[in-house]
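# Chain and residue survey
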Amino acid sequence: MRQVTAFVLASVFVFAPVAASAEDLTFTLDNRSGAMIVKFFATPADGSGKRIELLNKHGLWAGKSRMLTIADDSDACVYSTRAVFEDNSYEDISDKTDFCEVGNYTIGE
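Keep in mind the model is a prediction, meaning the values are calculated, not measured.

### Overview of the packing of aromatic side chains
Both the distance between ring centres and the angle between the ring planes are used here to describe each pair of aromatic rings. Within this structure, the stated rule accounts for six aromatic pairs. On the basis of an interplanar angle of 75° and a centroid distance of 6.3 Å, the ring pair of F27 and Y105 is categorised as edge-to-face. Here the residue F27 occupies a position in strand β1 (residues 25–32), and Y105 occupies one in strand β7 (residues 104–108), the gap between them amounting to 78 residues. Considered together, F27 and Y105 belong to a single accessibility category, that of buried residues.

What follows is the structure in structure tokens.
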């Protein structure tokens, strides 16, 4: 009986469909503005996905940088971005940034 069970389990793993995994996009966000960024959002530019917040409730002080990852299970490369600053002002930074090609993303000067 043990051999049959092992065969059935092996068959499930061999013949189960494999989900396509999207590649995570990693880049460095460089804050060259004069204010702290409290939230940084990215949304697929084609409108096919949801807006995700990348700083995860950890602000980015002026003059600092941090490695961020877009892991939204999509195959998108081009994103619209929005930075929200400590005074609750915001700036739509870009409507089309290709994060498959960008390794460093600078806000400000």
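Moving on from the coordinates now.
### Overview of the sheet that holds β7
Across the sheet, which stays open at both edges, the three strands sit in the order β4-β1-β7 with mixed pairing between neighbours. Lying at the two open borders of the sheet, with one neighbouring strand each, are β4 (65–70) and β7. The sheet shows a mean angle of 30° between the axes of neighbouring strands, taken without regard to direction. The pairing of β1 with β7 spans five bridges and is classified as parallel. Bridge assignment links N31 to a residue of β7, and that residue is I107.

### Here's the deal with the confidence of the model for the protein chain
Confidence along the protein chain averages 80 in pLDDT terms, with 79% of residues attaining 70 or more. Averaged pLDDT values for the elements of the protein chain fall to 40 in helix α1 (residues 2–15) and rise to 96 in β4.

### Things to note about the nonpolar core
In terms of nonpolar packing, the biggest core is built from 19 residues, with F27, L29, I37, F40, L54, I70 and I107 touching the most fellow members. Of all elements in the fold, only β1, β2 (37–44), β4, β5 (78–85) and β7 reach the threshold of two or more residues within this core. Here I37 is in contact with N31, L55, G59, L60, A83, V84, F85 and I107, once residues within four sequence places are set aside.

### Remarks on the pattern of salt bridges
The tally for this structure, following the rule as stated, stands at one salt bridge. In this structure, R32 and D30 form a salt bridge, with 3.2 Å as the shortest nitrogen-oxygen distance. Among the residues examined, R32 registers a relative accessible area of 38% and is labelled partly exposed.

### Description of the side chain of N31
Tracing the sequence through the fold places N31 in strand β1. With relative accessibility at 0%, the residue N31 sits in the buried group. A distance of 2.9 Å separates the side chain of N31 from the backbone oxygen of L60, its partner in a polar contact. Other than its neighbours up to four places away in sequence, N31 contacts M36, I37, L60, W61, A62, G63, K64 and I107.

Calculation criteria
Residues numbered from 1 in each chain as written. Predicted model: local features only at pLDDT ≥ 70, side-chain atom pairs only at ≥ 80, totals over all residues. Heavy atoms only, no water. Phe/Tyr/Trp six-rings, centres within 6.5 Å; stacked < 30°, edge-to-face > 60°. Helix = DSSP H or I, 4+ residues; strand = E, 2+ residues; numbered from the N terminus. Buried < 20%, exposed > 50% of the residue type's maximum accessible area, 1.4 Å probe, protein only. Pairing = 2+ DSSP bridges. Axes fitted to C-alpha atoms, helices over the stretch in contact; angles between N-to-C directions. pLDDT = per-residue confidence, 0-100. Core = buried A, V, L, I, M, F, W, Y, C linked by side-chain atoms within 4.5 Å. Contact = heavy atoms within 4.5 Å. Salt bridge = Lys/Arg side-chain N within 4 Å of Asp/Glu carboxyl O. Polar contact = N/O pair within 3.5 Å; in protein donor to acceptor, adjacent residues only side chain to side chain.

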